[in-house]
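The lines below spell out each chain.
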Amino acid sequence: RLTLSDLGLFGGIIFVFLTAVMSLVSPISLYVMTGSASFGPVYGMLLSYIGAILNANLTFFVVKALSVDREWAQDRRSVRIKGLIQANGYPIVLVLQLITVIPFVAINSAAALAGVKWKDFMKATSLGILPCILIYSFLGENIVSDFISPRIYFALISVVAIIIMAVAMRKKRISHLRGKRLR
C-alpha cells in the first residue's frame, strides 16, 4: 500500500501531473489540500504551486489552440470590452486569481478568450494564486492531521473528482444527443 509520498520524487512528479491535468475538470483546491495532506504543508504547497502553474498554461494554450477567441466578440460592444480586457490583462487576471471563489480553469480560459497576453497572464497568475495555495495547503494539512488519515482523504478526493468528471461527461453527452435530435 504505497502513497504518493512513499514514492519520493516520483510521487511528487505524479502529483504535479495529476494536479495539472485533473484540475481541468475538478476544483484545484481539492488537489492542493491533497498535496499538503500527502507531502506536508511546505512540500505540498510547492508541488501544488507547480501543478497549478502547469494547469494554467495548459488551459490557456488549449483555449488558444482551439481558436475559440476568434469566434467571441464579433459585435461592436464585445470588441470594445475585449480590447479593454486586453489592455488591462495583468490587473484583471491578478484580482480574479486572488478571489478564490471563482474556478481556476474559468479564469484561465477567460483570459485566453479575451486575448490577454501570455506574459501578463503568467505574471498575474503566478502571483495571484499564492494566497489560495497557501490557505488550502495549511487547511488541507490541518483537516487531515486532525480528523482523517491521508489515505482516506485521498480516496475521498479521488471519488469526488471521478463523480465530477462523470456528471460533466453525462451532461455533455445529453447535450450532444439533444443537438442531434434537433437536426
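All values derive from a computational prediction rather than experimental measurement.

Participant: Go over the overall build of the protein with me, naming the residues and quoting the values.
Facilitator: A count of helices and strands for the protein gives 10 helices and zero strands. Listing every helix and strand of the protein by position from the N terminus yields α-α-α-α-α-α-α-α-α-α. Classification of the 183 residues of the protein by burial places 38% in the buried group. Within the protein, counting contacts between residues at least 6 apart in sequence, those at least 24 apart form 80% of the total. Of the roughly 11,000 Å² of accessible surface on the protein, a fraction of 69% belongs to carbon and sulfur atoms.

Participant: Please give an account of the packing of helix α6 (residues 89–98) against helix α8 (residues 118–128) that cites residues and values.
Facilitator: Packing of α6 against α8 brings their axes to within 8 Å, and their N-to-C directions diverge by 30°. Considering the angle they form, α6 stands roughly parallel to α8. Our pair here, α6 against α8, has a crossing hand that is right-handed. For the pair α6 and α8, contact is made by Tyr90, Val93, Leu94, Gln97 and Leu98 and by Asp120, Phe121, Lys123, Ala124, Thr125, Leu127 and Gly128, respectively. Taken together, the residues that form the contact of α6 with α8 break down as seven nonpolar, three polar and two charged.

Participant: Outline the packing of aromatic side chains, listing residues and values.
Facilitator: Overall, the coordinates contain five aromatic pairs when judged by the stated rule. Ring centres of Phe39 and Tyr43 lie 5.6 Å apart, and the angle between their planes is 85°; this geometry places the pair in the edge-to-face category. Owing to a relative accessible area of 36%, Tyr43 belongs among the partly exposed residues under this scheme. Taken together, the ring pairs connect Phe60, Phe61, Trp118 and Phe121 into an aromatic cluster.

Participant: I'd like to hear about the side chain of Ser48, residue by residue, with values.
Facilitator: Examined against the element boundaries, Ser48 turns out to sit in helix α3 (residues 41–65). Within the local environment of Ser48, its side chain forms a polar contact with the backbone oxygen of Gly44, the two atoms lying 2.8 Å apart.

Participant: Just give me the short version of helix α1 (residues 9–22), but keep the residues and values in it.
Facilitator: Across its 14 residues, α1 extends 20 Å between first and last C-alpha, which sits within 8% of the 20 Å expected from 1.5 Å per residue. Within α1, burial applies to Gly11, Gly12, Phe15, Val16, Thr19 and Ala20.

Participant: I'd like a rundown of a nonpolar patch on the surface, residues and numbers included.
Facilitator: On the surface, a cluster of nonpolar side chains totalling about 640 Å² of accessible area is made up of Phe17, Val21, Leu24, Val25, Leu58, Val62, Leu66 and Val68. Sorting the residues of the nonpolar patch by element identifies α1 and α3 as the ones contributing at least two each. Along the chain, the position of Val25 falls in the loop between α1 and α2 (28–39).

Participant: Lay out the confidence of the model for the protein with the relevant residues and their values.
Facilitator: The share of residues in the protein with pLDDT of 70 or more is 78%, and the mean pLDDT across the chain is 79. Ranking the helices and strands of the protein by mean pLDDT puts α8 first, with 93, and helix α10 (residues 150–182) last, with 67.

Participant: For the side chain of Thr19, give the residues involved together with the corresponding values.
Facilitator: When you line up the elements, Thr19 lands in helix α1. Ignoring sequence-local partners within four residues, the contact set of Thr19 consists of Ile28, Tyr31, Ser48, Gly51, Ala52 and Asn55.

What counts as what
Residues numbered from 1 in each chain as written. Predicted model: local features only at pLDDT ≥ 70, side-chain atom pairs only at ≥ 80, totals over all residues. Heavy atoms only, no water. Helix = DSSP H or I, 4+ residues; strand = E, 2+ residues; numbered from the N terminus. Buried < 20%, exposed > 50% of the residue type's maximum accessible area, 1.4 Å probe, protein only. Contact = heavy atoms within 4.5 Å. Areas by Shrake-Rupley, 256 points an atom, 1.4 Å probe, with all protein chains shown as cover. Axes fitted to C-alpha atoms, helices over the stretch in contact; angles between N-to-C directions. Parallel < 35°, antiparallel > 145°, perpendicular 65-115°, else oblique. Left-handed = near helix turned anticlockwise from the far one by under 90°. Nonpolar A, V, L, I, M, F, W, Y, C, P; charged D, E, K, R; others polar. Phe/Tyr/Trp six-rings, centres within 6.5 Å; stacked < 30°, edge-to-face > 60°. Polar contact = N/O pair within 3.5 Å; in protein donor to acceptor, adjacent residues only side chain to side chain. Expected span 1.5 Å × (residues − 1). Patch = residues over 30% accessible without salt bridge, like charges linked within 9 Å, V, L, I, M, F, W, Y side chains within 5 Å. Salt bridge = Lys/Arg side-chain N within 4 Å of Asp/Glu carboxyl O. pLDDT = per-residue confidence, 0-100.

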